Amino acid sequence: MSALAELERKLQAKEARIGVIGLGYVGLPLMLRLSEAGFSGLGFDINQAHLDRLNAGESPFTHIPDAEVAQMMAGGTEVTADFSRVRDVDAVILCVPTPLDKYRQPDLSYVVGSLEAVAPYLHKGMLVSLESTTWPGTTEEIMQPIVEAQGLVVGEDVALVFSPEREDPGNKHFTIRQIPKVVGGVTPACRSAGELLYGAIVDQVVPVSSTRAAELTKLLENIQRSVNIGLMNEMKTIANAMDIDIFEVVEAAATKPFGFTKYTPGPGLGGHCIPIDPFYLTWKAREYGLNTRFIELSGEINGRMPHYVVDGLVARLSEIEGKAIRGAKVLVAGLAYKKNINDLRESPSLEILTLLKGMGADVSYHDPLIPAIPGTREYSDLKGMQSAGVADQSWDATVIVTDHDVLDTAAILEASAVVIDTRNVYGADHPQAGKKIFVA
């Protein structure tokens, strides 16, 4: 029996042991699903504190209950920082970050570093899958040479696939099992093995012709969202200038049963995907002499929204309170990039905090899900800042950036002279709308 035939047999019988590299917002839910589906799992991460929490049956994320982690660990899943143990698995899935560097160029250092760390332990009869979002060609141009440098032939000894993650932290309506999984392989044999693995844990697998097609699929999904949000954010600036409630307009337009998809404006984009992924394609497109003006324009619009919010706050503070921003006590309510989770990756709140500090405001933040700001690459000066209580003092202005369900919006309104509501928490019908509450 050939190496890949034996791999397929193990996958079909669920005898294969599956390794996941990177136990963050993508890797941990994947490990949970693998365990639930009956696979033996081995998770890898370089953060020892993170591993210690998992071994104790504790979840590092607010949207994943401790009980689910405890059940997974009790079922035999192991987690480790020892990458040599990749020799013990039949498949390894990379779920590591793919950020941008300071020049907004793709940074594949986590992908390359992880693969190089495990490369000496890859073996025949193994599947290697990349789930991290990246530019078309990464799997074949970057990963395949590293794998084959170990004396392994992709498509004969090892199956190499790309299957983009579609994780949406905090979404209670769609689990990993319910979200269709796109799978592309370097060869048909690679794709076949990928289909078997993912077909065992999701309800629907969507095979595509190549890893490049799978890579572009993920970029298209997120670029479409970025462009449409950019349009809504630009419409917001126009509607505000015309004294029209943009949220009322969006809701009215959404009643059309065809031809309109509802997107809502906000304070800017956040999360690891939408603000970053479009630039992976614009970077790669230059290799072909192409300009992606439409994509880049939406990125520009979305990127300037934190400035628009702060400008609106400054104007309202002067208009309503007769105060300058310098020395004003300002609260940023909600730090996470989306509601009801503790993920602040690329959150516009961090840029808003930085802008306000730079203007001399006495700025604090309130987020019950994020008690203190951890270290980040771009906003290291905010590290250690702690969440303030809404009632700790009176605020000259509060900006609602993230509309967590746990936010006490009544208390925020009572404690604040001016409220900038970027999420339409209060609505246009609130008695204080246009007097104390303003959309920006």
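Each remark here, short or long, concerns the structure printed above.
Scope of this entry: the structure provided in the associated data block. Because the structure is a prediction, the values reported are computed rather than measured.

**Some details on the sheet that holds strand β8 (residues 205-207)**
- With respect to topology, 8 strands assemble into an open sheet ordered β3-β2-β1-β4-β5-β6-β7-β8, the strand pairing being mixed. The open sheet is flanked by β3 (78-80) and β8, the only strands paired with a single partner. Each neighbouring strand pair of the sheet contributes to a mean axis angle of 25°, computed without reference to strand direction.
- Taken strand by strand, helix α2 (residues 27-36) contacts β1 (17-21), β2 (40-44), β3 and β4 (91-94), and its axis lies near 170° from that of β1.

**Describing unusual backbone geometry**
- With a phi close to 55°, K14 is a non-glycine residue in the positive phi region.
- Locating K14 in the fold gives a position in the loop between α1 (3-13) and β1.
- Taking the relative accessible area as the measure of exposure, K14 reaches 35% and is therefore partly exposed.

**Observations concerning the packing of aromatic side chains**
- Throughout the structure, instances matching the rule amount to 3 aromatic pairs.
- Ring centres of W135 and W283 lie 5.4 Å apart, and the angle between their planes is 45°; on these two criteria the pair is classed as tilted. Separated by 148 residues along the polypeptide, W135 in the loop between β5 (126-130) and α6 (138-148) and W283 in helix α10 (residues 277-286) bring together distant segments of the chain.
- For W135, a relative accessible area of 5% gives the class buried.
- Residue classification places W283 among the partly exposed residues on the basis of a relative accessible area of 29%.

Scoring rules and cut-offs
- Here the residue numbers are simple positions, counted from 1 along each chain's written sequence.
- Given that this is a predicted model, residues contribute local features only at a pLDDT of at least 70 and side-chain atom pairs are listed and counted only at 80 or more, while totals for whole chains, interfaces and linings are drawn from all residues.
- The basis for every side-chain value is the complete set of non-hydrogen atoms in the structure, without hydrogens or water.
- Strands were regarded as paired on the criterion that DSSP finds at least two bridges between them.
- Helix and strand definitions here come from DSSP, where helices need a minimum of 4 consecutive H or I residues and strands a minimum of 2 consecutive E residues; each element is numbered from the N-terminal end.
- In this analysis, axes come from line fits to C-alpha atoms, helices being fitted only over the stretch in contact, and the angle between any two N-to-C directions falls in the range 0 to 180 degrees.
- Contacts: residue pairs with any heavy atoms within 4.5 Å of one another.
- Only protein chains enter the accessibility calculation, which uses a 1.4 Å probe; a residue whose area is less than 20% of its type maximum is buried, one above 50% is exposed, and one in between is partly exposed.
- Any pair of Phe, Tyr and Trp rings, taking the six-membered ring for Trp, is counted once the centres come within 6.5 Å. Such a pair is stacked with planes under 30 degrees apart, edge-to-face with planes over 60 apart, and tilted for the rest.

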